[in-house]
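Commentary on secondary and tertiary structure
Spelled out, the chains give:
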Amino acid sequence: MSSRKPARARSVTIGDGEAHTGQTGVAVVVHVEPKSPATEHARSAESRLEEALGLTRAIGLLVAQSLIVPLATPKPATLIGSGKVDEIATIVAERDAGLVIVNAQLSPIQQRNLERAWKAKVLDRTGLILEIFGERASTREGTLQVELAHLRYQKSRLVRSWTHLERQRGGFGFLGGPGESQIEADRRLIQERIARLEKQLGDVVKTRGLHRAGRSRVPYPVVALVGYTNAGKSTLFNRLTNAQVLAKDMLFATLDPTMRVMTLPRGRKVILSDTVGFISDLPTALIAAFRATLEEVVAADVILHVRDVSHHETEAQAKDVLSVLEELGISEDRREHMIEVWNKADQLEGLEYAKYEASAARRPDCVLVSAVDGTGVEELLARVEERLSRTADIYSVTVAPDDGKGLAWLHRRGEVISRKDQKNGKIRIEVRMDEDRAGQAKAMFGRAMSKLA
């Protein structure tokens, strides 16, 4: 949890200009639970509320009270019924809360009506996640992506505040800052800013494409970590690469992607990429904004789906991750490139550990590990090598000593494993290449090239 102290009570201007009072760092969290038929691996209302509380605390807010509101029929004006609206208004007044987090998607009208009824700032799930991402983005690319998602969300609000990008705090002005005392958002200004950001992010996509092209010339395969937020991706990343990426028991502890070169046990080098964690009901605007970053996942040679198997709803979390991957274009036919990493084995006990251990032993696409104590990491690396070996073979190529062009091509297009100068003056190269590159090499070197068993 952040060390930032909650703000003192003060008057703030919300949307339509009405003044509301309350401690802006104190929040009431409301989870709205629609009544729907139970499905396999469905989350409980209590679990969804706990996740909303984790998101709220992730930006240093003090939770004064939380509650679950069952929803039989959504109300167009306020989403929930008038009785619950009045009940929550009483709680907000008694707790002197300046903010209400509604763990649901609110329309602009619903948000405005609830702010008037509760005399407090209201954030829905999308707004809350955007606020977290706004605080966590540290690179220029991450900042651009979050700002674009924020502006698209802001544009849909009927009446909100416009900060003109001048804030005194992290996030995007939902919780305070000069934006609340400036003029209302102007749709034309927002649209112009969106257009500029889209152009800048277009340049980012081109740059990433060039980087990928550069890596393909090295070439090192890319291994991407994906998973539900707080599944332990960054801890595993640090374990595998000896890096110092922030790893905390906090939702969205890391946001910007990190890449490191890693050497597998047999000496093969790969690029390991740590990505932003996924979450249930991840706003579509965020998926769209982070597509440039997540393209690293789409282009990866192997995808490591990190799961927290100690979590009581690990299956539901896995389903949410696969749903986001589907949106990115990683469908069933690409699942052969995926390995499930059943993490946090150190938190399993007795029969539960034995169950997962036996299940992982039966499935070639699963490995039980602990990123904390290193259990199963060697087996995981062996599985990664085995997956990569399916698409690449090792070849022996004999090159004349004056064939600098041929030598340069092998180093540029393949992964050179060894070089041996022979007595006859020629050079014997062992190189690992995929099928396409091997075909090109065969055309260049002919009988001087042979596949090793």
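Refer to the structure above for everything that follows.
What follows concerns the overall build of the chain. When its secondary structure is counted, the chain shows 14 helices and 15 strands. By the burial criterion, 51% of the 453 residues in the chain qualify as buried. In the chain, once contacts between residues fewer than 6 apart in sequence are set aside, the share between residues at least 24 apart is 69%.

Moving on, we come to the packing of aromatic side chains. In the structure shown here, the tally under the stated rule is 1 aromatic pair. With a centroid separation of 5.4 Å and an interplanar angle of 80°, the aromatic rings of tryptophan 342 and tyrosine 356 are classed as edge-to-face. On the criterion of sequence distance, the pair formed by tryptophan 342 in strand S10 (residues 338-343) and tyrosine 356 in helix H11 (residues 350-362) is long-range, its members being 14 residues apart. Tyrosine 356 matches tryptophan 342 in its accessibility class, with the two residues each being buried.

Within a sheet, each strand pairs with its neighbour through backbone hydrogen bonds, oriented either parallel or antiparallel. Overall, antiparallel pairing links the 4 strands, which are arranged S13-S14-S12-S15 in an open sheet. Of all strands in the sheet, those with a lone pairing partner are strand S13 (415-421) and strand S15 (449-451), marking the two edges. Sheet twist, expressed as the average angle between the axes of neighbouring strands with direction ignored, equals 20°. The pairing of strand S12 (residues 392-399) with strand S14 (residues 427-434) spans 8 bridges and is classified as antiparallel. Following the sheet pairing, serine 396 is matched in S14 by glutamate 430.

Core analysis: the largest hydrophobic core is formed by 39 residues, its most contacted members being Val297 and Leu325. Listing elements by their share of this core, those giving two or more residues are strand S2 (18-34), helix H1 (45-57), strand S4 (97-103), helix H4 (125-136), strand S6 (222-227), helix H9 (291-298) and helix H10 (314-327). Dropping the residues within four chain positions of it, leucine 325 is found in contact with Val226, Phe278, Val297, Ile330 and Met338. In terms of nonpolar packing, the next biggest core, distinct from the first, is built from 24 residues, Val223, Leu236, Val302 and Leu380 among them.

The next subject is H4. The end-to-end C-alpha separation of H4 is 17 Å, in line with the 16 Å expected for 12 residues at 1.5 Å each. Along H4, 11 of the 12 residues are buried, which leaves the element largely enclosed by surrounding structure. Those residues of H4 that fall on the buried side of the exposure criterion are Arg125, Thr126, Gly127, Leu128, Ile129, Leu130, Glu131, Ile132, Phe133, Gly134 and Arg136.

Within the secondary structure, serine 396 sits in strand S12. Here serine 396 falls in the buried class, since its relative accessible area comes to 7%. A distance of 3.2 Å separates a polar atom in the side chain of serine 396 from a polar atom in the side chain of arginine 428. Residues contacting serine 396, with those up to four places away along its chain left out, are Arg428, Ile429, Ala448, Met449, Ser450 and Leu452.

Moving on, we get to the pairing of S4. Of all 7 residues making up S4, 7 are buried, and the element is well covered by its neighbours. Examined bridge by bridge, S4 and strand S5 (residues 121-124) share 4 bridges and lie parallel to one another. Each bridged residue has a counterpart across the sheet, and for valine 102 the counterpart in S5 is aspartate 124. As a crossover connection, the stretch from S4 through helix H3 (residues 108-118) into S5 is right-handed.

We now examine the sheet that holds strand S9 (residues 302-308). Strand order in the open sheet made by the 6 strands is S7-S8-S6-S9-S10-S11, with mixed pairing throughout. The open sheet has two free edges, formed respectively by strand S7 (258-263) and strand S11 (366-368), since each of these has just one partner strand. Averaged over all adjacent pairs, the angle separating strand axes in this sheet is 25°, with direction ignored. Relative to strand S8 (residues 269-274), S6 runs parallel, the two sharing 4 bridges. Bridge pairing in S8 links leucine 225 to aspartate 274. In this fold helix H7 (residues 233-241) packs onto S6, S7, S8, S9 and S10, with an angle of close to 155° to the strand it touches most, S8. Where H11 meets the sheet, its contacts fall on S10 and S11, and the angle it forms with S11 comes to roughly 145°.

Counting through the fold element by element, glycine 414 comes out in the loop between helix H13 (404-413) and S13. Residue classification places glycine 414 among the buried residues on the basis of a relative accessible area of 1%. Along the primary structure glycine 414 and methionine 433 are separated by 19 residues, whereas in three dimensions their C-alpha atoms are 5.1 Å apart.

Our focus in this paragraph is H13. Listed in full, the buried residues belonging to H13 are Gly406, Leu407, Trp409 and Leu410. End-on view of H13: buried residues confined to an arc of 160°, all on one side of the axis. Structurally, H13 contributes buried residues whose contacts are with S12, S13, S14 and helix H14 (435-445).

Attention shifts here to the environment of tyrosine 353. Looking at where tyrosine 353 falls in the secondary structure, it is placed in helix H11. For tyrosine 353, a relative accessible area of 26% puts it in the partly exposed group. A C-alpha to C-alpha distance of 9.2 Å links tyrosine 353 and leucine 368, two positions 15 residues apart in sequence. Not counting residues within four places of it along the chain, the set of residues in contact with tyrosine 353 comprises Ala345, Leu348, Leu368 and Thr375.

Let us look at a negative patch on the surface. Residues Asp301, Asp434, Glu435 and Asp436 make up a contiguous surface patch of negative charge. Turning to its location among the elements, glutamate 435 is positioned in helix H14. Given a relative accessible area of 68%, glutamate 435 falls into the exposed group.

In this section: unusual backbone geometry. Positive phi values are uncommon outside glycine, yet leucine 79 reaches one of about 70°. Tracing the sequence through the fold places leucine 79 in the loop between strand S3 (62-71) and helix H2 (82-95). In this structure, aspartate 96 is a non-glycine residue whose phi angle is positive, near 55°. Summarising the element assignment, aspartate 96 is placed in the loop between H2 and S4.

Criteria and cut-off values
- Residue positions within a chain follow its written sequence, with the count starting from 1.
- In keeping with the model being predicted, local features are shown solely for residues with a pLDDT of at least 70 and side-chain atom pairs are shown and tallied solely at 80 or more, while totals for entire chains, interfaces and linings include all residues.
- By convention in this description, side-chain values take in all heavy atoms of the structure and omit both hydrogens and water.
- Helix and strand labels come from DSSP, where a helix needs a run of H or I of at least four residues and a strand needs a run of E of at least two; each type is numbered from the N terminus.
- Any residue under 20% of the maximum accessible area for its type is buried, any over 50% is exposed, and the rest in between are partly exposed; the area is computed with a 1.4 Å probe on protein chains only.
- Only heavy atoms matter for contacts: two residues are in contact if any of them lie within 4.5 Å across the pair.
- Aromatic pairs are defined between Phe, Tyr and Trp rings, using the six-membered ring for Trp, whenever the two ring centres lie within 6.5 Å; interplanar angles under 30 degrees are classed as stacked, those over 60 as edge-to-face, and all others as tilted.
- DSSP bridges decide pairing: two strands pair if at least two such bridges lie between them.
- Convention adopted: a line fitted to C-alpha atoms gives each axis, helices being fitted over their contacting stretch, and angles between N-to-C directions are expressed from 0 to 180 degrees.
- For the purposes of this section, nonpolar cores are sets of buried Ala, Val, Leu, Ile, Met, Phe, Trp, Tyr and Cys residues that join through side-chain atoms within 4.5 Å.
- Expected span of a helix, by definition, is 1.5 Å for each gap between consecutive residues, and there is one gap fewer than residues.
- Throughout this description, a polar contact denotes any pair of N or O atoms lying within 3.5 Å of each other; where both atoms belong to protein, one of them has to be capable of donating a hydrogen while the other can accept it, and for residues adjacent in sequence the pair is counted only when both atoms sit in side chains.
- For the handedness criterion, the strands are oriented away from the viewer, and a crossover whose path from the first strand over the helix to the second runs clockwise is classed as right-handed.
- The arc in question is formed by the directions pointing from the helix axis toward the C-beta atoms.
- Patch building starts from residues that exceed 30% relative accessible area and form no salt bridge, then joins like charges within 9 Å and nonpolar side chains (Val, Leu, Ile, Met, Phe, Trp, Tyr) within 5 Å.
- With residues, only the protein chains shown are counted as cover, and all accessible areas are computed by Shrake-Rupley using a 1.4 Å probe.
- Salt bridges, as used here, are contacts in which a Lys or Arg side-chain nitrogen is within 4 Å of a carboxyl oxygen on Asp or Glu.
- Only four residue types enter the tally: Lys and Arg on the positive side, Asp and Glu on the negative side, with His and both chain ends excluded.
- In this description, the location of a charge corresponds to atom NZ of lysine, CZ of arginine, CG of aspartate or CD of glutamate.

Nothing here speaks to function; it is geometry throughout.
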